[in-house]
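If you want the building blocks of each chain, they are given just below.
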Amino acid sequence: MLLGLEWHWWIVLLVLLAVSIPFKIKFLKWWNRRRQETKKDRNEKWGDEQ
């Protein structure tokens, strides 16, 4: 037992971590794309001169 958890719980935690990493990467890519689109929309509005 490591940190009070049986071996099968460690396997479950590792599987959950392995499954969540691709979802996290996909979410971060979506979030960055969304931020860039909103920033672009703000820069294209009338009267916004920078």
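Residues numbered from 1 in each chain as written. Predicted model: local features only at pLDDT ≥ 70, side-chain atom pairs only at ≥ 80, totals over all residues. Heavy atoms only, no water.

**Overview of the overall build of the protein**
Using the following cut-off: Think of it this way: any DSSP run of H or I at least four residues long counts as a helix, any run of E at least two long counts as a strand, and we number them from the N terminus. Each residue is assigned to one of three classes by its accessible area relative to the maximum for its type, calculated with a 1.4 Å probe on protein chains only: buried under 20%, partly exposed between the two thresholds, exposed over 50%. Only the protein chains shown count as cover for residues, with accessible areas throughout obtained via the Shrake-Rupley method and a probe of 1.4 Å.
On a plain count of helices and strands, the protein comes out with 1 helix and 0 strands. Relative to its 50 residues, the protein shows a buried fraction of 0%. Entry remark: accessible area of the protein is about 5400 Å², with carbon and sulfur atoms responsible for 65%.

**With respect to a nonpolar patch on the surface**
Here is the rule we go by: Two joining distances apply to patches: 9 Å for like charges and 5 Å for nonpolar side chains (Val, Leu, Ile, Met, Phe, Trp, Tyr), and every residue must have over 30% relative accessible area and no salt bridge. A side-chain nitrogen of Lys or Arg and a carboxyl oxygen of Asp or Glu constitute a salt bridge if their distance falls within 4 Å.
On the surface, a cluster of nonpolar side chains totalling about 560 Å² of accessible area is made up of Trp 7, Ile 11, Val 15, Val 19 and Phe 23. Here Phe 23 lies in helix H1 (residues 7–43). A residue is classified by how much of its surface remains accessible, and Phe 23, at 57% relative accessible area, is exposed.

**Points about the packing of aromatic side chains**
How we decide: Under the pairing criterion, centres of Phe, Tyr and Trp rings, with the six-membered ring standing for Trp, must be within 6.5 Å; the plane angle then separates stacked pairs below 30 degrees from edge-to-face pairs above 60, leaving the rest tilted.
Under the criterion given, the structure shown has 3 aromatic pairs. Taken together, a centroid distance of 5.8 Å and an interplanar angle of 35° make the contact between Phe 27 and Trp 30 tilted. Of the two residues, Phe 27 and Trp 30 are both situated in helix H1; the distance of 3 residues between them amounts to about one turn of the helix. For Trp 30, a relative accessible area of 41% gives the class partly exposed.

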